[in-house]
Amino acid sequence: LPPPSYPPAAPLPPPSYPADAPLPPPSYPPPYPSTSSSMRRALLADFLDNDGTEDTFIGVDSWGSSFRQTEDFWEFQGSRKVLQESNSSDPLSPPPANLSIQVSVEAVSVPQLPVLNPNQDPVLFWGLMLPGRPETLQQVPYNATGSTVRGALRDATGSDPNAVISSSTFRAGGYMATQWTVAWNWWDDPAYELQVVPGQEMGQLGHKVILQTVANRSTPITGSIEMAFGTGCGTVKIDLDNDGPLMVAEKLGSLQSLEGGPLKVYKSGNARVGYDFTIRFDPVTTPGNLPLLRVAGIDDMTGDNLQAHVTLQSNGSTDIFLGPIPTELLRLPVSTPNTLGVQINSIPTACTSPDGPGSCTFAYDEGSTPSITSLSTTTLQFESATTAELTITGEGFNADPSLNRVMLDATPCNITAASTTSITCFITDKTPGGTRELSVYVDNLGFAAPNNQEVQVKTAFVSDVSPKVLHANGESAQYSTFTMVMVVGKGFDPNCTRNVLSIGGQTCGIVACSTSSITALFPGNGTSADNLDVTVMVMDKRGEVRDMYTLADSGVHQREDEVASIAALLSPSQVPGTGTELVLQLGANTNSSSVSGLALWPSLNPEEMGGKYLTSYEDLFEFSGNNLDTSSSSIVSDISPALPNEVYYPVVHMEDGTTLVYTAPITARTAITSLSPAAGSIGGRTMLTIAGTGFSEVPDENVVVIGVPTSTTFLNGVILCDVTEASATQLTCVTRPHLAAQASANDPMARNTMPAPTPPGDVQVVLCDAGLNDVLKFECWSDSENGRSACEASVCTFEYADSLTPKVGSISPARALVGQEVTIS
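Per chain, residue numbering runs from 1 following the sequence as it is written. For this predicted model, a pLDDT threshold of at least 70 governs which residues receive local features, and a threshold of 80 or more governs which side-chain atom pairs are given and counted, while totals over whole chains, interfaces and linings are taken from all residues. Hydrogens are left out, water is left out, and the side-chain values use all remaining heavy atoms of the structure.

A.B. asks: Can you walk me through the overall build of the protein chain in this structure?
C.D. replies: Under the scheme used here, helices are H or I runs from DSSP no shorter than 4 residues and strands are E runs no shorter than 2 residues, and both carry numbers assigned from the N terminus. If you tally the helices and strands in the protein chain, you get five helices and 61 strands. Relative accessible area decides the class of each residue, using a 1.4 Å probe on protein chains only: under 20% of the type maximum gives buried, over 50% gives exposed, and in between gives partly exposed. Expressed as a percentage of the 825 residues in the protein chain, the buried residues total 36%. Here a residue-residue contact requires only that any non-hydrogen atoms of the pair lie within 4.5 Å. Counted over contacts in the protein chain with a minimum sequence separation of 6, partners at least 24 positions apart contribute 60%. Of the roughly 46,900 Å² that the protein chain leaves accessible, carbon and sulfur atoms contribute 51%. Per-residue and other accessible areas follow the Shrake-Rupley method at a 1.4 Å probe size, with only the shown protein chains counted as cover for residues.

The following block contains the structure:
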């Protein structure tokens, strides 16, 4: 910002006084009191006129010097002694009774200072930047909020302050001033030095911006602390930075009388906030109340205002809690092993069976345990089949199939036949793939042993891939043509992030999936190849492969030519959110008449291949029938409806079902670059001019909303501004009155609306269909998929200001005849 320039000050005329006019000797009431500096200021203040006008005043102090008041001190033109604001006493001795004082008095002219009112004056700017770094300069309004200043600091330094607290405006002399207090994070190392400069307009008006460091951050605590135990002479040094709890416990254990060492040491904190060590001793190895640990020295510590101390949390104790003896310790002895124990309301029972104590026993009997000796297969693979059969051979099974149960983890294996030595069952291809634990349960006996049998289930299978010819993408092209591939089969995971698809060794980016299909983008590797292997891997939640299938001799080919492709993007790479023409140059072997439609794909990042779920294929913005022109080697289509601010990629649909994705990005942008005025009347009818990009040239297709406080009248917290004129770069709208009410017991329908000022509210432009009523406009605004403006200006807000609202105080007369004059004041 250029330095401020000021008009040269007019010289003051020399004062004129009667020659040698003696002053009468001062008269003091005895005894002469001592007067402090602050009291003298109060006495001298009688000379001042604080009405904000240009004043010339003369004062004489007890030294015979002329003075004037400045913002922070009294300036004496004679001795130029400065009396600071303080409460310290500064006594004055009384002069001799015959003292005669000759005083030379000089008139001082104080210029009138312009007074700023943040609610009425135009926005003035000041700047902040890193010293010597003009490229970091950020402009800030003089009445900016804390969040605005925080954003400017973030843009200038690249680091976000911990907090920016904005004080309410207060009067400093003739000024309305605002103070911002900035707290930097302690981890910002080094702390940022800043430079502030007034804007040109501020300098011309004589306003200032001042930067002051209130408090420096503390220096990180480093080094070691010396510790001792009780009154012992031995000490150990604890390294605050590097010694962990185990090392601290080992060092303390080396002190005399602490050979056992602490039971546990807990360490918390860091070099910025300090360290805490909580030490717990074992009441058995170190019984009784121990002497406190003692800080023996902190000479090896560095930091600010260092302190170290030891406090007692709790005394040790060897007391034992006495309570009732648990009932299980008081049970009666039994004569038979494996006697069952039963408790009723925590009271143990006794066996009183007439058959004797042996009837209350239970034993694990190997002869009563079913067993598994072999499996017909340990891998169940389906491929084209829908079921897979498993035969289990063993002993102790039930010949009734309904009395046996076979499970693969949580999936049942449907039993078709059973005998005492074998069970035959099958699973369907809906069974999740991976390693599954086999379990066999026989009614009235229990689970068969061993119970750790595992079966590998392979349900993943690829039956078809389309299209059969994929674009190879030469390495010389700036952008690539990705081919959309559909893989059909089964056993896939519906969670796309758990599937990995590769074709010819090239990992494809997956965009949609189900248990029977995967849709992905094939990037190509630049060379032609035939019969590419198609491999699908299904992962578990830990990222380990649980199932995999490879289709060899797939009939899928990769070609550098003789295949549909996109050669170039001919339309601009940045388009307005309202839409425009999309023009694509097709490849040499692509017939434009074979194109069936175009689309734009948002949020797709072609760089992120490797099995990641790129984005949903359902998010496509289709505009296939919008004046599609395929009459030449290029294709042209109108983009509509309006697009949200996003990066898109062109998508071409071919009549044979092939879908091509071109990796040239297209950015849709609707933005506000300036807004004027920033405040207006509560009564509405303020003409609001919005400059920016991406607006619709049809006024009714731009919906402008202004943020207001939520009330019963404005439930959504926004109010409409009616657009009257529109171009692609500028809108003009007329504000509506802000008359609001809150429902209450006295006004349940909130009809008692009253004019109400508002804080600055965000202004947004939303692109909607034409001809909407107010309700449908709010519905369009609430739909996040509709294009809307971003704020690229320093301020994109508007407020209903009481100071800018004309007010009617009275009307006279209250009744009048036709043609009679009426006075409104």
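A.B. asks: Sorry, what's going on with the nonpolar core here?
C.D. replies: Generally speaking, soluble globular proteins have nonpolar side chains that are buried together. One finds V462, V487, L501 and I503 to be the most contacted residues of the largest nonpolar core, which totals 24 residues. When residues of this core are traced back to their parent elements, those giving at least two are β30 (461-466), β32 (481-490), β33 (499-503), β35 (509-513), β36 (517-522), β37 (534-539) and β38 (545-551). If we ignore the near neighbours within four places in the chain, the residues touching V487 are V462, D464, V465, F492, L501, S516, S517, I518 and V536. For our purposes a nonpolar core is just a set of buried Ala, Val, Leu, Ile, Met, Phe, Trp, Tyr and Cys residues, chained together by side-chain atoms within 4.5 Å. Among the nonpolar cores identified, the runner-up in size contains 22 residues, and I690, V704, F714 and Y800 belong to it.

A.B. asks: Would you mind going over the pairing of strand β25 (residues 414-418) with me for this structure?
C.D. replies: Two faces make up the sheet, and in a regular strand the side chains alternate between them. Relative to strand β26 (residues 422-428), β25 runs antiparallel, the two sharing four bridges. Considered in β26, the bridge of N414 is made with F426. Criterion used throughout: strands pair if DSSP finds at least two bridges between them. Between β25 and β26, which pair antiparallel in sequence order, lie three residues.

A.B. asks: Just checking my understanding: could you explain the sheet that holds strand β40 (residues 566-569) for this structure?
C.D. replies: Paired through backbone hydrogen bonds, the strands of a sheet run either parallel or antiparallel to each other. If you trace the three strands from one edge of the open sheet to the other, you get β40-β42-β45, paired in antiparallel fashion. The outermost strands of the open sheet, each flanked by one partner alone, are β40 and β45 (634-638). The sheet shows a mean angle of 25 degrees between the axes of neighbouring strands, direction not considered. Relative to β45, strand β42 (residues 581-586) runs antiparallel, the two being bridged by five bridges. Axis definition: a line fitted to C-alpha atoms, limited for helices to the stretch in contact. Angles are taken between N-to-C directions and run from 0 to 180 degrees.

A.B. asks: What is the right way to read helix α4 (residues 245-253) from this model?
C.D. replies: Residues that lie three or four places apart on an α-helix share one face, since the helix turns once every 3.6 residues. Within the sequence span of α4, burial applies to V248, A249, L252 and G253. All buried residues of α4 project into a common sector of 135 degrees when viewed along the axis, lining one side. Of the exposed residues in α4, the ones pointing more than 90 degrees away from its buried face are L246 and E250. Buried-residue contacts for α4 involve β13 (235-239), β14 (264-270), β15 (274-280) and β16 (293-297). As used here, the arc belongs to the directions running from the helix axis to the C-beta atoms.

A.B. asks: What's the story with the environment of N451 in this structure? I'm lost.
C.D. replies: Tracing the sequence through the fold places N451 in the loop between β28 (446-447) and β29 (453-458). Considered as a pair, N451 and Y441 are 10 residues apart in the sequence and their alpha carbons are 9.9 Å apart. With near-sequence residues (within four places) excluded, N451 lies in contact with E437 and L438.

A.B. asks: Help me out: how do you make sense of a nonpolar patch on the surface in this one?
C.D. replies: Like charges are joined within 9 Å and nonpolar side chains (Val, Leu, Ile, Met, Phe, Trp, Tyr) within 5 Å, but only among residues with over 30% relative accessible area and no salt bridge; these make up the patches. For this analysis, a salt bridge means a side-chain nitrogen from Lys or Arg found within 4 Å of a carboxyl oxygen belonging to Asp or Glu. Nonpolar side chains collect at one region of the surface, where V808, I811, V822 and I824 lie side by side and expose about 380 Å² of accessible area between them. Counting through the fold element by element, I824 comes out in strand β61 (residues 823-824). By relative accessible area, which is 56% here, I824 ends up exposed.

A.B. asks: Please clarify how the pattern of salt bridges should be interpreted in this entry.
C.D. replies: Close approach of charged atoms allows side chains of opposite charge to pair. Taken as a whole and assessed by the stated rule, the structure comprises 14 salt bridges. As a salt-bridge pair, R133 and E135 come within 2.5 Å of each other at their nearest N and O atoms. The exposure class assigned to E135 is exposed, which follows from its relative accessible area of 56%. Through salt bridges with shared partners, a single network forms among R150, R154 and D160.

A.B. asks: How do you make sense of the sheet that holds strand β49 (residues 671-676) when you look at a structure like this?
C.D. replies: The strand order across the open sheet formed by nine strands is β50-β59-β57-β52-β53-β54-β51-β49-β58, and the pairing between neighbours is mixed. Edge positions in the sheet fall to β50 (679-680) and β58 (790-791), since each has one partner strand and no second. Here two bridges tie β49 to β58, and the two strands are oriented parallel to one another. Along β58, the bridge assignment pairs A671 with A790. Where helix α5 (residues 774-782) meets the sheet, its contacts fall on β52 (702-707), β53 (718-726) and β57 (761-767), and the angle it forms with β53 comes to roughly 100 degrees.

A.B. asks: Even after reading the chapter, I still don't get the state of the cysteines, so can you show me in this structure?
C.D. replies: Here a disulfide denotes one covalent bond, and it connects the sulfur atoms of two cysteines. Here, the term disulfide refers to a pair of cysteine sulfur atoms separated by no more than 2.5 Å. With the rule as written, the count across this model stands at five disulfides. Across the disulfide, C496 is cross-linked to C513 (sulfur-sulfur distance 2.0 Å). Taking the sign of the S-S torsion, about -115 degrees here, the bridge from C496 to C513 comes out left-handed. Linking C496 in the loop between β32 and β33 with C513 in strand β35, this pair joins segments that are 17 residues apart in sequence. Across the pair, C513 and C496 agree in class, each one buried. Between the sulfur atoms of C721 and its disulfide mate C733 the distance is 2.1 Å. Looking along the S-S bond of the C721-C733 disulfide, the torsion reads about 95 degrees, which is the right-handed sense. Placement of C721 in strand β53 and of C733 in strand β54 (residues 730-735) is noted, with a sequence separation of 12 residues between them. The residues C721 and C733 share a single accessibility class, namely buried.

A.B. asks: Can you help me understand the packing of aromatic side chains in this one?
C.D. replies: Think of a pair of aromatic rings as described by two things: how far the centres are apart, and how the planes are tilted against each other in angle. When the centres of two rings from Phe, Tyr and Trp lie within 6.5 Å, Trp using its six-membered ring, the rings pair. Their planes under 30 degrees apart give stacked, over 60 give edge-to-face, and anything left gives tilted. In total, this model carries six aromatic pairs according to the counting rule given. Ring plane angle 65 degrees and centroid distance 5.0 Å describe the contact between Y441 and F447, whose orientation is recorded as edge-to-face.

A.B. asks: When you look at α5 in this model, what are you seeing that I'm missing?
C.D. replies: Looking only at α5, the buried set comprises K777, C780 and W781. Here the buried residues of α5 occupy an arc of 100 degrees about the axis, which is enough to place them on one side. Opposite its buried face, α5 presents the exposed residues V775 and S782, each directed more than 90 degrees away. At its buried positions, α5 is contacted by β52, β53 and β57. N-cap assignment for α5: the residue whose side-chain oxygen lies 3.2 Å from the backbone N of V775 is N773. Polar contact is the term for a pair of N or O atoms within 3.5 Å; when the atoms are in protein, one must be able to donate a hydrogen and the other to accept it, and sequence-neighboring residues count only if both atoms are side-chain atoms.

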